[in-house]
Amino acid sequence: MVEPKQLDALLHPTFSEEELKKAHVIGEGLAASPGAGAGKIYFESSKVIAAKKAGEEAVLVRLETSPEDIEGMNSSEGVLTIRGGMTSHAAVVARGMGICCVSGVGDFTLNEVEKTLKTKDGLILHEGDYISLDGTTGKVYEGKLNKVAATISGVFETFMSWADEARTLDIRTNADTPKDAKQAKAFGAQGIGLCRTEHMFFEKERIFNFRKMICATSVEEREKALELILPYQRADFEGLFEAMTPYPVIIRYLDPPLHEFLPKTEAEIKELANDLGKTVEELQNVIASLKEFNPMMGHRGCRLAITYPEIAKMQTRAVIEAAINVTKKGIMVEPEIMIPLVGEVNELKYVKNIVQEVADELIKNSGLDIKYKVGTMIEIPRAALLADEMAKEAEFFSFGTNDLTQMTFGFSRDDAGKFLNAYYAKQIFESDPFSRIDEHGVGLLMEMAASKARTVRPDISLGICGEHGGDPSSIAFCHKLRFNYVSCSPYRVPIARLAAAQAAIKEKLAK
Ligand code: PEP
Ligand code: MG
């Protein structure tokens, strides 16, 4: 009888009832990451970081966030973006960090030059003014509201143990750092269902070397940059394996929408050009050539490993060497390597061959008995339609329902928020298909893919790692399809445990 989303209130701070009674709502956006946050507004991440260092509480306000904002987001009490949906950068990253986020507040006007934020009613807020965000409801309030801290007691654990007795679905987590993995494990996660490796490059030195890699114009240049990246990846994977043992860890190979990672400011371009021994103009030409009209349908996912096999080689080295290192410490590990954005089985075969060549050689030389799996994401409708072909090559499937929803509807996951409100108002849609699985359409593809895959490989492991993996009704749907697991951000793990239990109990009662 407990509504799973109510657990949010136990895991995140909230505004007290008293405070909310007297509070003034100045705007509303998408409830992108739960919790409450209040602080002075700043429009640049560097100012949020400085404010935090000075002991202030700050809220980061951006048109949309990008990898450069990670530190600012981490230092903030909450994030507000003018653009973006439930699977935008800000929403996904904030949920992973456990900080509150309200995204897509399209009624606000952000003037980055004058550093003002204008609300729908004409209220003008300046840098340093206070606002309060409720990431559970999507409401934005004027001024600073007081928060009530989250409290988890032993009663919570007892309650969750009842849920664990009832459920049949495993609950994994989407985690990119050992810290997130530990947090998720403490919340009951039974493995990592998605490690987005491109999220391991947010820190300054790392993003610099990552940019060197994507802006390289020859194989030699790229290999040099990859040599610099290898040690971070290996160390991070070791950390993830250690944090998650004895549970499985899925490492998803690079899938960066390139536009998120290209250098933007003059200073960044100059510094990178110097390091690469190129002129600013030469580098600007490279950057221009990498820009895409539709980055989400562009040079990302397995397409990167196909054009630049050296990237997949480096990532395989990092995964397997990390597995060797932790095995030597006596830690049990079985890495699961996941190839993203596959639409044609020959893409999967090509990348799998690279993985096997590098991995098998490293394992043979180590003299250790290390097992690994290679699987794929199902996030392009064509892959779902041809799931039996895919299953011949893939040992597991993870449904990437963010992209699968984007590509099945043809709605941009970053922009759909702009028109979906009209869809709800006109009763064309009841809910956001990026939050709750569209069982009728996207779900049909999932059901078909699962049954086709099982004809070829009856014991194939099936899971979901899109944002729907933390949504109770979508979890019930995955239970119905007899998936092995759902994977969600760390703070949603308890919700997923409860939702999975309720789905199992409802099914039993119906029988
Ligand atoms: C997805 O598409 O559902 C997914 C998990 O991958 P990403 O969000 O990184 O594209
Ligand atoms: Mg995806």
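Residues numbered from 1 in each chain as written. Chains lettered and ligands numbered in written order. Predicted model: local features only at pLDDT ≥ 70, side-chain atom pairs only at ≥ 80, totals over all residues. Heavy atoms only, no water.

### Section: the coordination of the magnesium ion (ligand 2)
Link 1 in the chain: The protein atoms that coordinate the magnesium ion (ligand 2) are E379 (OE) and D403 (OD), at distances spanning 2.0 to 2.2 Å. Within this pair, whereas E379 is found in the loop between strand 18 (373-378) and helix 15 (381-385), its partner D403 is found in helix 17 (residues 401-409), the two being separated by 24 residues in sequence.
Link 2 in the chain: The class for E379 is buried, based on a relative accessible area of 2%.
Link 3 in the chain: Look at D403 and you get buried, because its relative accessible area is 2%. (Donors = N, O, S within 2.8 Å, 3.2 Å for Na, K, Ca; no water. Helix = DSSP H or I, 4+ residues; strand = E, 2+ residues; numbered from the N terminus. Buried < 20%, exposed > 50% of the residue type's maximum accessible area, 1.4 Å probe, protein only.)

### Examining unusual backbone geometry
Link 1 in the chain: Note the cis peptide between T245 and P246, where omega equals 5°.
Link 2 in the chain: With respect to the element layout, P246 can be found in the loop between helix 9 (219-244) and strand 16 (249-252).
Link 3 in the chain: Not every positive phi belongs to a glycine, and K115 is a case in point at roughly 55°.
Link 4 in the chain: Tracing the backbone through its elements, the reader meets K115 in the loop between strand 8 (109-111) and strand 9 (116-118).
Link 5 in the chain: Even without glycine at this site, L341 takes up a positive phi of about 55°.
Link 6 in the chain: As for its placement among the helices and strands, L341 is situated in the loop between strand 17 (335-339) and helix 14 (345-366).

### Brief notes about helix 5 (residues 89-97)
Link 1 in the chain: Burial within helix 5 is extensive, with nine of its nine residues counted as buried.
Link 2 in the chain: All of the buried residues in helix 5 are H89, A90, A91, V92, V93, A94, R95, G96 and M97.
Link 3 in the chain: In this structure, the buried residues of helix 5 make contact with strand 3 (30-33), helix 4 (70-75), strand 6 (78-81), strand 7 (100-103), helix 7 (178-186) and strand 15 (192-196).
Link 4 in the chain: At the C-terminal side of helix 5, G98 shows a positive phi close to 80°. (Contact = heavy atoms within 4.5 Å.)

### Some remarks on the site of ligand 1
Link 1 in the chain: The local shell around ligand 1 holds 13 residues, among which R196, R252, G400, N402 and R413 are the closest.
Link 2 in the chain: Separating an oxygen atom of ligand 1 from a side-chain N or O atom of E379 is a distance of 2.9 Å.
Link 3 in the chain: In this structure, N402 approaches ligand 1 through a main-chain N or O atom, which is 2.7 Å from an oxygen atom.
Link 4 in the chain: Within the complex, 96% of the 290 Å² of free accessible area of ligand 1 lies under protein.
Link 5 in the chain: For the shell around ligand 1, the secondary-structure elements that each account for two or more residues are strand 15 and helix 17.
Link 6 in the chain: Sorting elements by how many residues they give to the shell around ligand 1 places helix 17 first, with three residues.
Link 7 in the chain: Residue composition of the shell around ligand 1, grouped by class: three nonpolar, four polar and six charged. (Near = heavy atom within 4 Å. Polar contact = N/O pair within 3.5 Å; in protein donor to acceptor, adjacent residues only side chain to side chain. Areas by Shrake-Rupley, 256 points an atom, 1.4 Å probe, with all protein chains shown as cover. Nonpolar A, V, L, I, M, F, W, Y, C, P; charged D, E, K, R; others polar.)

### Here we look at the sheet that holds strand 20 (residues 461-464)
Link 1 in the chain: Spatially, 14-15-16-17-18-19-20-21 is the arrangement adopted by the eight strands of the closed barrel, whose pairing is parallel. Sheet twist, expressed as the mean angle between neighbouring strand axes with direction ignored, is 25°.
Link 2 in the chain: Of the pairings in the sheet, the one linking strand 14 (residues 170-174) to strand 15 comprises two bridges and is parallel in character. Its bridge partner being in strand 15, N174 is matched across the sheet by L194. (Pairing = 2+ DSSP bridges. Axes fitted to C-alpha atoms, helices over the stretch in contact; angles between N-to-C directions.)

### Here we look at the state of the cysteines
Link 1 in the chain: This structure, assessed with the given rule, holds zero disulfides.
Link 2 in the chain: Its sulfur unpaired, C101 is 7.5 Å from the next cysteine sulfur, which belongs to C100.
Link 3 in the chain: No disulfide involves C478; its nearest neighbouring cysteine sulfur is the one of C465, lying 11 Å away.
Link 4 in the chain: Exposure remark for C478: the relative accessible area of 1% places this residue in the buried category. (Disulfide = S-S within 2.5 Å.)

### Quick notes on the packing of aromatic side chains
Working definition: an aromatic ring pair is given by the centre-to-centre distance plus the angle between the planes.
Link 1 in the chain: Under the criterion given, the structure shown has 16 aromatic pairs.
Link 2 in the chain: Put simply, the rings of F201, F202, F210, Y232 and F261 pair up and form one aromatic cluster.
Link 3 in the chain: Taking the ring centre of Y485 as reference, the NZ or CZ of R172 above it sits at 4.2 Å.
Link 4 in the chain: A cation over an aromatic ring shows up here: R222 above the ring of Y308, its NZ or CZ 3.5 Å from the ring centre. (Phe/Tyr/Trp six-rings, centres within 6.5 Å; stacked < 30°, edge-to-face > 60°. Lys NZ or Arg CZ within 6 Å of the ring centre and 35° of its normal.)

### Some points on the sheet that holds strand 10 (residues 124-126)
Link 1 in the chain: Read from one edge of the open sheet, three strands run 8-9-10, paired in antiparallel fashion. Since the sheet does not close on itself, it has two edges, and those belong to strand 8 and strand 10, each with one partner. Neighbour to neighbour, the strand axes of the sheet diverge by 20° on average, direction disregarded.
Link 2 in the chain: The pairing of strand 8 with strand 9 spans three bridges and is classified as antiparallel. Opposite L110, over in strand 9, you have L117 as the bridge partner.

### Observations concerning the packing of helix 13 (residues 309-328) against helix 14
Helix-helix packing: each pair is described by the crossing angle between the helix axes and the interaxial distance.
Link 1 in the chain: Interaxial distance between helix 13 and helix 14 falls to 9 Å at its minimum, and their mutual angle equals 35°. Here helix 13 and helix 14 pass one another in a crossing that is right-handed. Where helix 13 abuts helix 14, its residues P309, A312, K313, T316, R317, I320, E321 and I324 lie against Y350, V351, I354, V355, V358, A359, L362, I363 and S366.
Link 2 in the chain: Counted by class, the contact of helix 13 with helix 14 contains 12 nonpolar, two polar and three charged residues. (Left-handed = near helix turned anticlockwise from the far one by under 90°.)

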